[in-house]
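Notes for the structure review
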Amino acid sequence: KAGVTQTPRYLIKTRGQQVTLSCSPISGHRSVSWYQQTPGQGLQFLFEYFSETQRNKGNFPGRFSGRQFSNSRSEMNVSTLELGDSALYLCASSSGPHRYNEQFFGPGTRLTVL
Amino acid sequence: GESVGLHLPTLSVQEGDNSIINCAYSNSASDYFIWYKQESGKGPQFIIDIRSNMDKRQGQRVTVLLNKTVKHLSLQIAATQPGDSAVYFCADLSGADGLTFGKGTHLIIQP
């Protein structure tokens, strides 16, 4: 079974631009979560989607948004990029929203904002 | 806010020795903990989990210990191998905000 895939793997943008990252969960998984990883703040939860609905949201500004499609694929968007948005963005999928379901992480998208 | 944290940013051990990675948490409502391993260029990989109604759980070469009295969690890796070199994170799922991760401990294996 293929793992979680994220595209693109690397991205370079400039301040003020917007970016869209994509995540394809493991086949059959319906829950997708997004995390931001930086050296200073570590791994931080962004949001979680299940059946096209956002279930939870972390403490990030409104510039960060996401959505999930009917095939469970998910995208996250960051508008008006800031230097501090440079990070590794990780997507994780699980079979369902139950809190004890194991989350499987993708390799991440490395975003650099210049 | 409350968070899950680790005691040491770097741990160096000899190949073949046992490794112990520690984690302290502050949220007394935490009821589920997970250890992840992250190798360079990869996403976190699940190692082992434990619920708050347990104090010990064993996997293949790994053991997680939970001490709720002092809010302490540890990961023990037996007979550490070069492939164990990675950053290890503890994470907590007590709230509704997804996984809350500690900062991570970089495990370095010396030959």
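We now turn to the structure provided with this report.

So, how was this worked out
Residues numbered from 1 in each chain as written. Chains lettered and ligands numbered in written order. Predicted model: local features only at pLDDT ≥ 70, side-chain atom pairs only at ≥ 80, totals over all residues. Heavy atoms only, no water. Helix = DSSP H or I, 4+ residues; strand = E, 2+ residues; numbered from the N terminus. Buried < 20%, exposed > 50% of the residue type's maximum accessible area, 1.4 Å probe, protein only. Contact = heavy atoms within 4.5 Å. Areas by Shrake-Rupley, 256 points an atom, 1.4 Å probe, with all protein chains shown as cover. Buried area = accessible area lost by both parts, 1.4 Å probe. Salt bridge = Lys/Arg side-chain N within 4 Å of Asp/Glu carboxyl O. Polar contact = N/O pair within 3.5 Å; in protein donor to acceptor, adjacent residues only side chain to side chain.

1. Here's the deal with the overall build of chain B
- Along the backbone of chain B there are 0 helices and 11 strands.
- Its helices and strands taken in sequence order, chain B reads β-β-β-β-β-β-β-β-β-β-β from the N to the C terminus.
- Across the 111 residues of chain B, 42% fall into the buried class.
- For chain B, long-range pairs separated by at least 24 residues make up 52% of all intrachain contacts whose partners lie at least 6 apart in sequence.
- Here chain B displays about 5400 Å² of accessible surface, and carbon together with sulfur accounts for 47% of that area.

2. As for the interface of chain B and chain A
- Taken together, the contact pairs 20 residues of chain B with 19 residues of chain A.
- Where chain B abuts chain A, roughly 1600 Å² becomes buried across the two surfaces, and 50% of that area is made up of carbon and sulfur atoms.
- Linking chain B to chain A there are 0 salt bridges.
- Counting the contacts that link chain B with chain A gives 3 residue pairs in polar contact (both at pLDDT 80 or more).
- Those elements that place two or more of their residues in the side of chain B that touches chain A are strand E4 (32–38) and strand E5 (45–51) of chain B.

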